[in-house]
Amino acid sequence: TIVSYEWDWNYNKKFNPSGDKSSSQTHAWAKNGTYTIAVRVTDDDGSTDIATHTVIVDDAKTTASLTGNEILNEGQSGTFTAQAISTDPIVSFEWDWNYNGTFTPSGDTGSTQNHTWDDNGIYKIAVRITDNDGSADVAPFTINVINSDPTADAGQDQTADEGEAITFSGSFTDSGNADTHTIVWNFGDGNSASGTLKPTHRYTDNGSYTVTLTTKDDDGGTSEDTCIVTINNANPIADAGPNQTANEGDTIVFNCSFTDSGTADTHTIVWNFGDKNSAFGTLTPTHRYADNGTYSVTLTIKDDDGGTSSDTCIV
């Protein structure tokens with residue numbers, strides 16, 4: 001009659017009694033390898049025999065998983081966490097931000113990583129987790145990076161006179177650092193400019209103008225901003241021409257001019273010949289003086305916004 005079964009899980013001649021009739025045993029090994037076990041069987045007469053058996057313990061495979069932000073905006077930092085199911089210690093987490101097979105080791109504590117994308121698109125990443133027996137698993141992950149609109153800034157409001165050159169100083173920001181942009185200015189007077197953040201413009205008439213800067217990225221994201229330009233009326237500058245000398249009754253032809261930086265203005269023209277006579281609406285009037293003497297001739301120019309200028313010549 002069998003009275004005991006004694007087991008030696010490493011076959012080092014150290015049998016562990018398990019009580020009589022325990023002919024079936026379970027055992028788990030913490031590490032892979034090839035193991036020899038033995039059982040010593042004893043009957044009630046003290047007769048014993050030893051049987052051995054070889055057990056091959058395969059390495060338990062490491063299983064990797066990856067979680068994190070599935071949707072991000074351009075320029076937004078995403079957080080990604082790798083996890084492993086493994087009976088062995090994990091020795092490394094290696095990351096591939098383009099999932100092209102090029103893993104970058106981050107050390108054995110790099111289970112959480114942050115990453116930012118500069119352009120919108122669908123991106124695949126992966127982490128490779130390796131245990132101390134060399135067992136590795138790769139977990140992929142997909143991220144949708146959404147385009148971010150640029151943010152335009154048209155700059156400060158400005159004040160100038162008609163005809164004065166105004167230089168604008170616009171700017172924009174875009175978290176999509178890989179984007180390209182188009183730049184368009186609308187000056188509010190029917191004129192525009194493109195391709196520069198610092199255009200120069202002259203207004204030909206006084207008034208208040210809303211200037212719009214529009215910035216658009218290559219993915220269709222658009223932003224607008226405005227500033228106000230106040231244009232003051234500029235007075236015209238009259239020139240009555242040179243002094244002249246003639247005889248009584250001679251026809252004198254005046255040849256005057258004027259300038260006005262408000263080129264969109266309209267003007268009235270008035271002559272006072274100094275002898276109580278006058279003329280209107282022409283820059284080249286003629287006049288005859290009936291008596292000799294010295295006469296101060298005045299040319300007055302007035303624009304449609306009330307700006308006035310006068311000049312004199314002597315006849």
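These figures come from a predicted structure and were not determined experimentally.

Undergrad: Please explain the sheet that holds strand 25 (residues 267-272) as it appears in this structure.
TA: Hydrogen bonds between backbone atoms are what pair the strands of a sheet, whose relative direction is either parallel or antiparallel. Here four strands make up an open sheet; going across it, the order is 26-25-28-29 and the pairing antiparallel. Either end of the sheet is taken by a strand with one partner, and the two such strands are strand 26 (278-280) and strand 29 (308-314). With direction set aside, neighbouring strand axes in the sheet form an average angle of 15°. Of the pairings in the sheet, the one linking strand 25 to strand 26 comprises three bridges and is antiparallel in character. The residue of strand 26 that forms the bridge with asparagine 272 is serine 278.

Undergrad: For this particular structure, what's the right way to read the state of the cysteines?
TA: Each disulfide is one covalent bond, formed between the sulfur atoms of two cysteines. Taken as a whole and judged by the stated rule, the model has zero disulfides. Summary of cysteine pairing: cysteine 256 is not part of a disulfide, and the nearest cysteine sulfur, belonging to cysteine 313, is at 8.9 Å. Judged by relative accessible area, cysteine 256 falls into the buried class, the value being 7%.

Undergrad: What is the right way to look at the side chain of serine 309 in this model?
TA: Within the secondary structure, serine 309 is located in strand 29. Exposure remark for serine 309: the relative accessible area of 14% places this residue in the buried category. Contacts of serine 309, omitting those with residues within four sequence positions, involve Pro236, Ile237, Ala238, Leu299, Thr300 and Ile301.

Undergrad: What's the story with the packing of aromatic side chains in this structure? I'm lost.
TA: Each aromatic ring pair is specified by the distance between its two centres and by the angle formed by the two planes. Counting across every chain of the model gives 14 aromatic pairs. Site record: aromatic cluster; members linked through ring pairs are Phe80, Trp95, Trp97, Trp117, Tyr123 and Phe141.

Undergrad: Where do I start with the sheet that holds strand 7 (residues 78-85) in this structure?
TA: The three strands are arranged 5-7-10 in an open sheet whose pairing can be described as antiparallel. Here the strands that pair on one side only, and so sit at the sheet edges, are strand 5 (63-68) and strand 10 (112-115). Strand-to-strand, the axes of this sheet are offset by a mean angle of 25°, without reference to chain direction. Sheet analysis places strand 7 next to strand 10, joined by four bridges and oriented antiparallel. Among the inter-strand pairings, glycine 78 is bridged to a residue of strand 10, identified as histidine 115.

Criteria and thresholds
- Here, residues in each chain are numbered from 1, in the same order as that chain's written sequence.
- The predicted nature of this model means local features are confined to residues of pLDDT at least 70 and side-chain atom pairs, given and counted, to a pLDDT of 80 or more, with totals for whole chains, interfaces and linings taken over all residues.
- In computing side-chain properties, one takes all heavy atoms of the structure into account and sets aside hydrogens as well as water.
- Following DSSP output, two strands are said to pair if at least two bridges run between them.
- We count a stretch as a helix when DSSP gives it H or I for four or more residues in a row; a strand needs E for two or more, and each element gets its number in order from the N terminus.
- To get an axis, a line is fitted to the C-alpha atoms, and for a helix only the part in contact is used. The angle between two axes follows their N-to-C directions and goes from 0 to 180 degrees.
- In plain terms, two cysteine sulfur atoms within 2.5 Å form what is called a disulfide here.
- Under the scheme applied here, a residue whose accessible area is under 20% of the maximum for its type counts as buried, over 50% as exposed, and between as partly exposed, the area being computed with a 1.4 Å probe on protein chains only.
- Only heavy atoms enter the contact rule, under which two residues are in contact if any of them lie within 4.5 Å.
- In this analysis, rings of Phe, Tyr and Trp, with Trp reduced to its six-membered ring, are considered paired at centre separations within 6.5 Å, and the interplanar angle assigns stacked below 30 degrees, edge-to-face beyond 60, and tilted for intermediate values.

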